[in-house]
Amino acid sequence: MLKSIKHDFISTGRIMGVIYAIMAGICLFIVTTRNVQGGALSLIGVMALMILSLCLLVLTAVVVMLDFQKSLYGDRGYLTFTLPVKSSKILGSKVIVSGAWFVIALAAIIGSMWVAFSSAKEMVGEDYEMWEDTIEVLIGKNVNSMLAMALVRIVILFIAFCFFALVIFFTNTLSNTRYFQKHSILFTIIFFIPIFFAVYKIGQLANEYFVFSLFFVNGRPELVTDNAAYAEYAIIYPSVNISELFVYIIISIVLFVATHYLMSKKVNIK
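*Asks:* Go over the overall build of the chain, please, and point to the residues and values.
*Replies:* Counting its regular elements, the chain contains 10 helices and 3 strands. Listing each helix as α and each strand as β along the chain from the N terminus yields α-α-α-α-α-α-α-α-β-β-α-β-α. In the structure as shown, the chain presents an accessible area of about 15,500 Å², 70% of it carried by carbon and sulfur atoms.

Here you go:
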């Protein structure tokens, strides 16, 4: 499976590498032109970086979907399915790689925002300091709590993005079955929208009606499952609500099994 993961990273990395190279180039342009013409050139770079950052998750989703479509149900489909690797491992590899790319994209967005706000410090003055104060309040001052919360959030984000990728893979696989194959990309989008937002809504309801949160007390996680304790802890300690996460895990398992079944039994390879 490690070889499959490596291959999928290389396959998707050709396009993602170009996107990140463009972002790195814009960041370098912003830094080097910060004091040129009163920062006007840097401001142009900041605007371009913000626009690209806002589109990055969508671009990642498009790359992931197109690679999945081409490597399994397009011209490379016969080659992929004749490899001495179980189809479940092929699917698992693509889920892991896609989740990783989404996490990388989010990290790139955060980094881009930091570059943009740092470069705009002189232009926004006190507003920039307000941003710094707000971030300090949100993450807290305890280093151990910050690190523990960051690690947990990365894991949660990875699982959430794997769920997102599985919705794409399931809808794309469903769209490559007999009745939808002629317009597979269109039907992928049509199927994706209601499935994703239905699960997202279920996750929101889980967060609303079930208290299941991790609080970080001096770097040590404590699980809180009742409203009284939550209200007491929330005033002092940073937390992560994980009720929604259980919904994503359960639905992800269902989607993985359903996608693997369709891959094995119902899809006609072009």
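*Asks:* Could you give an account of the pattern of salt bridges, naming the residues involved and the relevant values?
*Replies:* Here the structure, examined in full by the defined rule, presents 2 salt bridges. Asp67 serves as the salt-bridge partner of Lys94, at 3.6 Å between the closest nitrogen and oxygen. Residue Lys94 is found in helix H4 (residues 87–119), and its partner Asp67 is found in helix H2 (residues 40–73); the two are separated by 27 residues along the sequence. The burial state of Lys94 is the same as that of Asp67; both residues are buried. Where salt bridges share partners, they join Asp8, Asp67 and Lys94 into one cluster.

*Asks:* Residue-level account of empty space enclosed by the protein, with values.
*Replies:* For the structure on display, the rule yields 1 cavity of 30 Å³ or more. Counted as a void, the largest cavity has a volume near 60 Å³. Forming the boundary of the largest cavity are Asp8, Thr12, Val64, Asp67, Phe68, Lys94, Val97, Ser98, Trp101 and Phe169. Of all the secondary-structure elements, those providing two or more residues to the lining of the largest cavity are helix H1 (2–32), H2 and H4. With 4 residues, H4 is the single largest residue contributor to the lining of the largest cavity. In terms of residue class, the lining of the largest cavity is built from 5 nonpolar, 2 polar and 3 charged.

*Asks:* Describe the packing of aromatic side chains, and please don't skip the residues or the numbers.
*Replies:* Throughout the structure, instances matching the rule amount to 15 aromatic pairs. Seen in terms of ring centroids, Phe102 and Phe161 are 5.2 Å apart; in terms of plane orientation they differ by 15°. Their pairing is stacked. Taken together, the residues span a long stretch of sequence, with Phe102 in helix H4 and Phe161 in helix H7 (residues 143–175) at a distance of 59 residues. For the pair Phe102 and Phe161, a shared accessibility class is recorded, and that class is buried.

*Asks:* Can you break down the layout of surface pockets residue by residue, with the values?
*Replies:* Put simply, the second largest pocket is a space of about 460 Å³. What lines the second largest pocket is a set of 20 residues, and nearest its centre among them are Ala61, Phe164, Ile168, Phe192 and Phe196. When residues of the lining of the second largest pocket are traced back to their parent elements, those giving at least two are H2, H4, H7 and helix H8 (184–209). Looking at the lining of the second largest pocket residue by residue, the class counts come to 19 nonpolar, 1 polar and no charged.

*Asks:* How would you explain H8 if you had to name every residue and give the values?
*Replies:* The end-to-end C-alpha distance of H8, which contains 26 residues, comes to 37 Å, matching closely the 38 Å that a straight helix rising 1.5 Å per residue would cover. Where H8 bends most, the angle comes to about 25°, and this point is Phe192, followed within four residues by the proline Pro194. Among the residues making up H8, those that are buried are Ser184, Thr188, Phe191, Phe192, Phe196, Val199, Gly203 and Ala206.

*Asks:* I'd like to hear about the packing of H8 against helix H10 (residues 243–265), residue by residue, with values.
*Replies:* Where H8 contacts H10, the axes come no closer than 7 Å and their chain directions differ by 145°. Relative to H10, the crossing made by H8 is right-handed. Residues Val199, Tyr200, Ile202, Gly203, Gln204, Ala206 and Asn207 of H8 form the contact with H10, whose participating residues are Ser243, Glu244, Val247, Tyr248 and Ile251. A breakdown of the residues in the contact of H8 with H10 according to their chemical character gives 7 nonpolar, 4 polar and 1 charged.

*Asks:* Break down the side chain of Ser71 for me, with residues and values.
*Replies:* Within the fold, Ser71 resides in helix H2. Residue class for Ser71 comes out buried when judged on its relative accessible area of 3%. Polar contacts involving the side chain of Ser71 include one to the main-chain carbonyl oxygen of Asp67, which spans 2.7 Å. Engagement of the side chain of Ser71 in a polar contact is seen with the backbone oxygen of Phe68, the distance being 3.5 Å.

*Asks:* I'd like a rundown of the side chain of Ser93, residues and numbers included.
*Replies:* Among the structural elements, Ser93 can be located in helix H4. The exposure class assigned to Ser93 is buried, which follows from its relative accessible area of 0%. Polar side-chain contacts of Ser93 include one of 2.6 Å to the side chain of Asp8. For Ser93, the residues in contact, after removing those within four places along its chain, are Met1, Ser4, Ile5 and Asp8.

*Asks:* Outline the environment of Leu54, supporting the account with residue identities and numerical values.
*Replies:* Topologically, Leu54 is positioned in helix H2. For the pair formed by Leu54 and Ile109, sequence separation is 55 residues and the distance between their alpha carbons is 7.8 Å.

Thresholds applied
- Residues numbered from 1 in each chain as written.
- Predicted model: local features only at pLDDT ≥ 70, side-chain atom pairs only at ≥ 80, totals over all residues.
- Heavy atoms only, no water.
- Helix = DSSP H or I, 4+ residues; strand = E, 2+ residues; numbered from the N terminus.
- Areas by Shrake-Rupley, 256 points an atom, 1.4 Å probe, with all protein chains shown as cover.
- Salt bridge = Lys/Arg side-chain N within 4 Å of Asp/Glu carboxyl O.
- Buried < 20%, exposed > 50% of the residue type's maximum accessible area, 1.4 Å probe, protein only.
- 1 Å grid on protein atoms, 1.4 Å probe; cavity = no way out; pocket = protein on both sides within 12 Å on 5 of 7 lines; lining within 4 Å.
- Points joined across faces, edges and corners; volume = space filled by probe spheres on them.
- Nonpolar A, V, L, I, M, F, W, Y, C, P; charged D, E, K, R; others polar.
- Phe/Tyr/Trp six-rings, centres within 6.5 Å; stacked < 30°, edge-to-face > 60°.
- Expected span 1.5 Å × (residues − 1).
- Bend = angle between axes of the 7 residues up to and from the residue.
- Axes fitted to C-alpha atoms, helices over the stretch in contact; angles between N-to-C directions.
- Left-handed = near helix turned anticlockwise from the far one by under 90°.
- Contact = heavy atoms within 4.5 Å.
- Polar contact = N/O pair within 3.5 Å; in protein donor to acceptor, adjacent residues only side chain to side chain.

What is shown is where atoms sit, not what they do.
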